[in-house]
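Descriptive analysis of the structure
Spelled out, the chains give:
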Amino acid sequence: MRDSWREQFENTQNDTQKNELILALLTLKKAKYYWNQIQPPSDWTSSVQTFKEQLLLEIGRFYSEQSNHTKYHIPCFFKILRQFA
């Protein structure tokens, strides 16, 4: 994955696409750090995985309600990523 990103970046002549690729990579890097810091509360009785799955559902619900701001929708973010896959 790391090498495919680098290849795509080096082969892209369009500065806008390069900037979008950089933004997507940095966003994932930041999100991964914070995601790994998330732990369930001490009174949580299920697994950490279950907690994170429930959290993802809540995040998805939040973004689905932001219909007036499509640039913040998760599908828009993944659409940008897919352009470089």
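Residues numbered from 1 in each chain as written. Predicted model: local features only at pLDDT ≥ 70, side-chain atom pairs only at ≥ 80, totals over all residues. Heavy atoms only, no water.

**Side note on the packing of aromatic side chains**
A complete count under the given rule lists one aromatic pair for this structure. Here Trp44 and Phe51 contribute two aromatic rings whose centre-to-centre distance is 5.2 Å and whose plane-to-plane angle is 75°, an arrangement assigned as edge-to-face. Classification of Trp44 by relative accessible area gives partly exposed; the value is 30%. Over the face of the ring belonging to Phe9 we find Lys18, whose NZ or CZ atom lies 4.9 Å from the ring centre. (Phe/Tyr/Trp six-rings, centres within 6.5 Å; stacked < 30°, edge-to-face > 60°. Buried < 20%, exposed > 50% of the residue type's maximum accessible area, 1.4 Å probe, protein only. Lys NZ or Arg CZ within 6 Å of the ring centre and 35° of its normal.)

**Focus: the confidence of the model for the chain**
When the pLDDT values of the chain are averaged, the result is 79; 81% of them are 70 or greater. Averaged pLDDT values for the elements of the chain fall to 71 in helix H4 (residues 74–82) and rise to 84 in helix H3 (residues 48–64). (pLDDT = per-residue confidence, 0-100. Helix = DSSP H or I, 4+ residues; strand = E, 2+ residues; numbered from the N terminus.)

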